[in-house]
Amino acid sequence: MSASPVVIKLLPSVSWKEVDGRVVALNLTTSTYLTANLTGTLLWPLLVDGTTSAALVARLVDEYGISDEVAAADVDAFVGALRSAELLADPA
Amino acid sequence: MSQPRICRLYGLDVESPYDIGPPSSATEPNVVVTVADECVDQSLEVAGDELAVDPLEPSRFVTLAVGDGQLLHRIHSVADVAIDVRAGRITVHPAVGGRHELIPLLAGAQILAVYLTALGHLVLHASAVEIDGRAVGLVGDSGSGKSTLAAMSCTAGARMVSDDVVRVMTCDDGVMAWSGPRALRLRPTSRALASVEIAEVTADERHLFAPDPTSSDVLALDRLVLPRLVVENGVLWRRRLSGERALFALLRYLRIGGWTDPVTAAEHFGRCAELVERVPVFVLEVPWGVDRPRLGRQVFELLRESADVDEISRPVLD
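Along each chain, the written sequence defines residue order, and numbers are assigned to residues from 1. A letter from A marks each chain and a number from 1 marks each ligand, given out in the order of writing. Where totals are concerned, whole chains, interfaces and linings use all residues; where local detail is concerned, this predicted model gives features only for residues with pLDDT of at least 70, and gives and counts side-chain atom pairs only at 80 or more. The basis for every side-chain value is the complete set of non-hydrogen atoms in the structure, without hydrogens or water.

**Focus: the overall build of chain A**
Thinking step 1. Broken down by element type, chain A carries three helices and three strands.
Thinking step 2. Secondary structure elements are taken from DSSP: a helix is a run of H or I of four residues or more, a strand is a run of E of two residues or more, and numbering for both begins at the N terminus. Of the regular secondary structure in chain A, the N- to C-terminal order runs β-β-β-α-α-α.
Thinking step 3. As a reference, a globule follows 2.2 Å times the number of residues to the power 0.38, and the radius of gyration itself is taken over C-alpha atoms. Computed over C-alpha atoms, the radius of gyration of chain A comes to 13 Å, within 12% of the 12 Å expected from 2.2 N^0.38 for 92 residues, which places it in the range of a compact globule.
Thinking step 4. Its C-alpha atoms give chain A principal-axis dimensions of roughly 35 × 35 × 20 Å.
Thinking step 5. Burial analysis of chain A (92 residues in total) assigns 33% to the buried set.
Thinking step 6. Relative to all contacts within chain A whose residues are 6 or more apart in sequence, the contacts with residues 24 or more apart total 44%. Exposed residues in this analysis have more than 50% of their type's maximum accessible area, buried residues have under 20%, and partly exposed residues fall in between, with area computed by a 1.4 Å probe over protein chains only. Throughout, a contact is declared for two residues whenever any of their heavy atoms are within 4.5 Å.

**Some details on the pattern of salt bridges**
Residue and element names in this part refer to chain B.
Thinking step 1. The term salt bridge refers to a pairing of a side-chain nitrogen on Lys or Arg with a carboxyl oxygen on Asp or Glu at a separation within 4 Å. Within the structure shown, the criterion is met by 20 salt bridges over all chains.
Thinking step 2. One salt bridge connects D222 with R134, and the closest N-O pair in it is separated by 2.7 Å. Residue D222 is found in strand β18 (residues 218–231), and its partner R134 is found in strand β11 (residues 134–139); the two are separated by 88 residues along the sequence.
Thinking step 3. Two residues, D164 and K146, come together in a salt bridge whose shortest N-O distance is 3.8 Å. Here D164, found in the loop between β12 (159–162) and β13 (166–171), pairs with K146, found in helix α2 (residues 146–155); they are 18 residues apart in sequence, far enough to count as distant.
Thinking step 4. Judged by its relative accessible area of 10%, D164 is buried.
Thinking step 5. What makes K146 buried here is its relative accessible area of 4%.

**Points about the pairing of strand β14 (residues 174–178) of chain B**
Residue and element names in this part refer to chain B.
Thinking step 1. For β14, the buried fraction is high: five of the five residues fall into the buried class.
Thinking step 2. At least two DSSP bridges between two strands are needed for those strands to be called paired. By the bridge criterion, four bridges tie β13 to β14 in an arrangement that is antiparallel. Residue pairing across strands places V168 opposite A177, the latter belonging to β14.
Thinking step 3. The hairpin formed by β13 and β14 contains two residues between the paired strands.
Thinking step 4. Direction of pairing for β14 relative to β18: antiparallel, over a ladder of three bridges. In the strand pairing of β18, M176 is matched with A220.

**A word on the sheet that holds strand β8 (residues 89–94) of chain B**
Residue and element names in this part refer to chain B.
Thinking step 1. Read from one edge to the other, the open sheet built from eight strands follows the order β1-β2-β3-β8-β7-β6-β5-β4, with strand pairing classed as mixed. In this open sheet, the two edge strands, each paired with only one partner strand, are β1 (5–9) and β4 (49–53). Neighbour-to-neighbour, the strand axes of the sheet open up by a mean angle of 25 degrees, direction not taken into account.
Thinking step 2. Across four bridges, strand β3 (residues 31–35) lies against β8 in parallel orientation. In this description, a line fitted to the C-alpha atoms serves as the axis of each element, helices being fitted only across the stretch in contact, and the angle between N-to-C directions of two axes falls anywhere from 0 to 180 degrees.

**Points about the sheet that holds strand β1 (residues 14–19) of chain A**
Thinking step 1. Taken together, the three strands give an open sheet; going across it, the order is β1-β2-β3 (chain A), and neighbouring strands pair in antiparallel fashion. Pairing within the sheet leaves two strands with one partner each, and these edge strands are β1 and β3 (32–35) of chain A. Adjacent strand axes in the sheet meet at a mean angle of 20 degrees, parallel and antiparallel pairs treated alike.
Thinking step 2. As defined by bridge partners, β1(A) adjoins strand β2 (residues 22–27) of chain A across six bridges and the pair is classed as antiparallel. Counterpart to A:K17 in the pairing with β2(A) is A:V24.
Thinking step 3. Contacts between helix α1 (residues 38–49) of chain A and the sheet are confined to β1, β2 and β3 of chain A, with β2(A) contributing the most and set at about 55 degrees to the helix.
Thinking step 4. Set on the sheet, helix α4 (residues 262–278) of chain B makes contact with β1, β2 and β3 of chain A; between it and β1(A) the angle comes to about 0 degrees.

**Looking at the packing of aromatic side chains**
Thinking step 1. Centres within 6.5 Å are what make two rings of Phe, Tyr or Trp a pair, Trp counting through its six-membered ring; a difference in plane orientation under 30 degrees is then read as stacked, over 60 as edge-to-face, and the rest as tilted. All told, the structure shown has three aromatic pairs over all chains when counted by the stated rule.
Thinking step 2. Taken together, the ring pairs connect A:Y33, B:F248 and B:F269 into an aromatic cluster.
Thinking step 3. Only lysine NZ and arginine CZ atoms are considered, and such an atom sits over a ring when it is within 6 Å of the ring centre and within 35 degrees of the ring normal. Taking NZ or CZ as reference, B:R238 lies 4.1 Å from the ring centre of B:F282, over its face.
Thinking step 4. Directly above the ring of B:W237 sits B:R239, whose terminal nitrogen or CZ lies 4.6 Å from the centroid.

All quantities given are derived from atomic positions and should not be read as evidence of function.
Structural data, given as structure tokens:
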């Protein structure tokens, strides 16, 4: 039996808005702000509802036509940055 | 203190014992400010949930939730202010041994700003002037030059809308700025003092200048400008901020900042984000340090220059 994929989802305490085509997020608990780049902004709606790493990779591949490996590295870096900023819920 | 009168400030009809703004035509106030006879001992702790602390100088004020719809805004060494948000009642309790002479100034600015913020309104640390029938907000911390630039532009033809506090409201028709105190409190070091007539010196040792006021209660907000006084370099420079930078800047310049309460913080974030989407935000660098008699006129002209131009650099004329 394979393990369920890890769910990647924003904390409910994260408030965000799109400004000039980029997501700006506020962690209401820590009062820190974060601005996503265009790639992060593309992935953001998936994070709101909760997603998986594979789905994020697929979204990048679909949008930019890059390889799975390159997309996976980008997703890892992006998710790592969100986790460092304490914007993500604990993995389910 | 004199008999209570009703003033019109920030879209409110405020009854208070102080002359804090232009008279209102209303016969009934929607906010009543009273001053308690007895002084309060601020060495005593007050029980409540902390909502906000002055982000620049934590010892200056704290705001607590002390009951359902009840706030206590403690201005250290001045007064405790009890605010009943729903009833529109504000009671000032002077502090034992405090600087009571500051209470009228604070009543017309900081205290009403707390009340408006508690009601969910966006209140900027800004002054505003009317140019060509629309409001231009000058946003920044104390000492950033917003009152000075307002005074300079008023000597060149602008009309005063509000000093130090600007209530902003977004609606279907656009973004509006409410008028507030029409007199400017200038620091003794303000260069604008050279060209204006001072009415009096205030309790906080500022020089009061009463320029021509706007006749409007509320105006369309045309733009926001962040003054930057720079060491003389002979150039006036205006540049538009990106939405992201404008948002971060405005979040720094809320009139009552330091809200740790997540609900209020989220409201501010959302309202500021909406504001920067609808109103251009500029930085205006103004040379400082050498007398330039035509600088006020040039500042005025640059404030009214088309908002569609992202960047303008212009030599200062002698």
